[in-house]
Amino acid sequence: MPARRNPPVTAEGLLHDLSIQMEHFLRFLEVDLSPAIAEAGTTSEFPSLVDFISQGASSRSWILRLQTIFQWSSLALEEEEWLRTQGLDRPHPGSKVRGVWSMPSFLRHLGRSDDHNARSALHQGRKLRRFEIKFGEGIAIMLAPVLPTFRRLPLIEEAKAIELLRASHIDILDNAQRLLHFKSKYQALVVTHVLSYFSRLTQSFV
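This is a predicted model, so every value here is computed, not measured.

A. Representation of the overall build of the protein. In terms of regular secondary structure, the protein is built from 11 helices and 0 strands. The order of α-helices and β-strands along the protein, N terminus first, is α-α-α-α-α-α-α-α-α-α-α. Taken over 206 residues, the protein has a buried fraction of 47%. Of all intrachain contacts in the protein linking residues separated by at least 6 positions in sequence, the fraction that spans at least 24 positions is 77%. Accessible surface computed for the protein: about 11200 Å², of which carbon and sulfur atoms make up 53%.

As structure tokens, this is what we get:
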């Protein structure tokens, strides 16, 4: 029996699915994560987090996706800072920077040049950053409901998605602006305090 292939990812499909899930996802984000995040690693009790997870399977999945977004974004931001210290510009997709491939160079700097997972995470982080540079950092959070699809979004559809967001999905962009505070508030806390906790917690559910 031939292997089952995933259908091709399109910008239209990505944004359609996001529009359908957006209202539910925004309600999910109304829960304050900060008590659970601040207490992670210092106590075994997570009352706010328990309430958060009890909202259902989609909420458990979104926790993991938010964790992934923060990981990808942090890695890409770290690369951008490293490029600045090297006097290099942020690369365009698939381009070379002064004759060297910046991704292997940056990962070599981290001692991770042969790490497939690190390469994949940096590739996805760069993609998120391209959307953030166009629309602000809140857009990365808005993509959580469709993150598996976004992960497979090819470059040509990425460009189309950016144009469609500008032309006919102002509601998504408006909500992304509302999430700027969410991104800045939680990114450092998630990465430094509960990354490993969320990973262990969600692996049993997803």
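This is not the end of the story, as more comes after the structure.
B. Inspection of the nonpolar core at higher detail. Membership of the largest hydrophobic core comes to 47 residues, with the highest contact counts inside it found for L66, F131, I141 and M142. Mapped by element, the contributors of at least two residues to this core are α1 (11–28), α4 (57–85), α5 (102–109), α6 (116–135), α7 (138–142), α8 (147–151), α9 (155–168) and α10 (170–178). The leading source of residues in this core is α4, at 10 residues. Among residues more than four places away in sequence, those in contact with L66 are F25, F28, L29, I141, A144 and F182.

C. Structural context of α9. Here α9 spans 20 Å end to end across 14 residues, near enough to the 20 Å set by a 1.5 Å rise per residue. Every buried residue of α9 is accounted for by E157, E158, A161, I162 and L165. For α9, the buried positions fall inside an angular range of 150° around the axis, keeping them on one side. Those residues of α9 that are exposed and aimed more than 90 degrees away from the buried face are I156 and A167. Residues of α9 that are buried make contact with α1, α6 and α10.

D. Quick peek at the packing of α9 against α10. It is the contact of α9 with α10, at a shortest axis distance of 6 Å, that shows an interaxial angle of 95°. Classified by the angle their axes make, α9 and α10 are roughly perpendicular. Of the residues in α10, those in contact with L165, R166 and S168 of α9 are I170, I172 and L173. The class makeup of the residues in the contact of α9 with α10 is 4 nonpolar, 1 polar and 1 charged.

E. The arrangement of the pattern of salt bridges in detail. Applying the stated criterion across every chain, the model contains 9 salt bridges. Linking R84 and E81 is a salt bridge whose minimum nitrogen-to-oxygen distance equals 2.8 Å. Placement of both R84 and E81 in helix α4 is noted, with a separation of 3 residues, approximately one turn of the helix. The exposure class assigned to R84 is exposed, which follows from its relative accessible area of 52%.

F. Seen up close, α1. With 18 residues, α1 extends 24 Å between its outermost C-alpha atoms, agreeing within 8% with the 26 Å of an ideal straight helix rising 1.5 Å per residue. At M22, α1 shows its maximal kink, close to 50°. Among the residues making up α1, those that are buried are A11, L14, L15, L18, M22, F25, L26 and F28.

G. Region of interest: the packing of aromatic side chains. According to the stated counting rule, one finds 5 aromatic pairs in the structure shown. Between the aromatic rings of W82 and F106, the centroid separation amounts to 5.8 Å while the plane-to-plane angle is 55°, which identifies the pairing as tilted. Placement of the pair is W82 in helix α4 and F106 in helix α5, with a sequence separation of 24 residues. On the basis of relative accessibility, which here comes to 13%, the residue W82 falls in the buried class. Their ring planes at 70° and their centres at 5.5 Å tell us that F131 and F150 sit as a pair that is edge-to-face. Taken together, the positions of F131 in helix α6 and F150 in helix α8 put the pair 19 residues apart, joining distant regions of the chain. Judged by its relative accessible area of 1%, F131 is buried. A network of ring pairs unites the aromatic residues F25, F28 and W62 as a single cluster.

About the criteria used
Residues numbered from 1 in each chain as written. Predicted model: local features only at pLDDT ≥ 70, side-chain atom pairs only at ≥ 80, totals over all residues. Heavy atoms only, no water. Helix = DSSP H or I, 4+ residues; strand = E, 2+ residues; numbered from the N terminus. Buried < 20%, exposed > 50% of the residue type's maximum accessible area, 1.4 Å probe, protein only. Contact = heavy atoms within 4.5 Å. Areas by Shrake-Rupley, 256 points an atom, 1.4 Å probe, with all protein chains shown as cover. Core = buried A, V, L, I, M, F, W, Y, C linked by side-chain atoms within 4.5 Å. Expected span 1.5 Å × (residues − 1). Arc of directions from axis to C-beta. Axes fitted to C-alpha atoms, helices over the stretch in contact; angles between N-to-C directions. Parallel < 35°, antiparallel > 145°, perpendicular 65-115°, else oblique. Nonpolar A, V, L, I, M, F, W, Y, C, P; charged D, E, K, R; others polar. Salt bridge = Lys/Arg side-chain N within 4 Å of Asp/Glu carboxyl O. Bend = angle between axes of the 7 residues up to and from the residue. Phe/Tyr/Trp six-rings, centres within 6.5 Å; stacked < 30°, edge-to-face > 60°.

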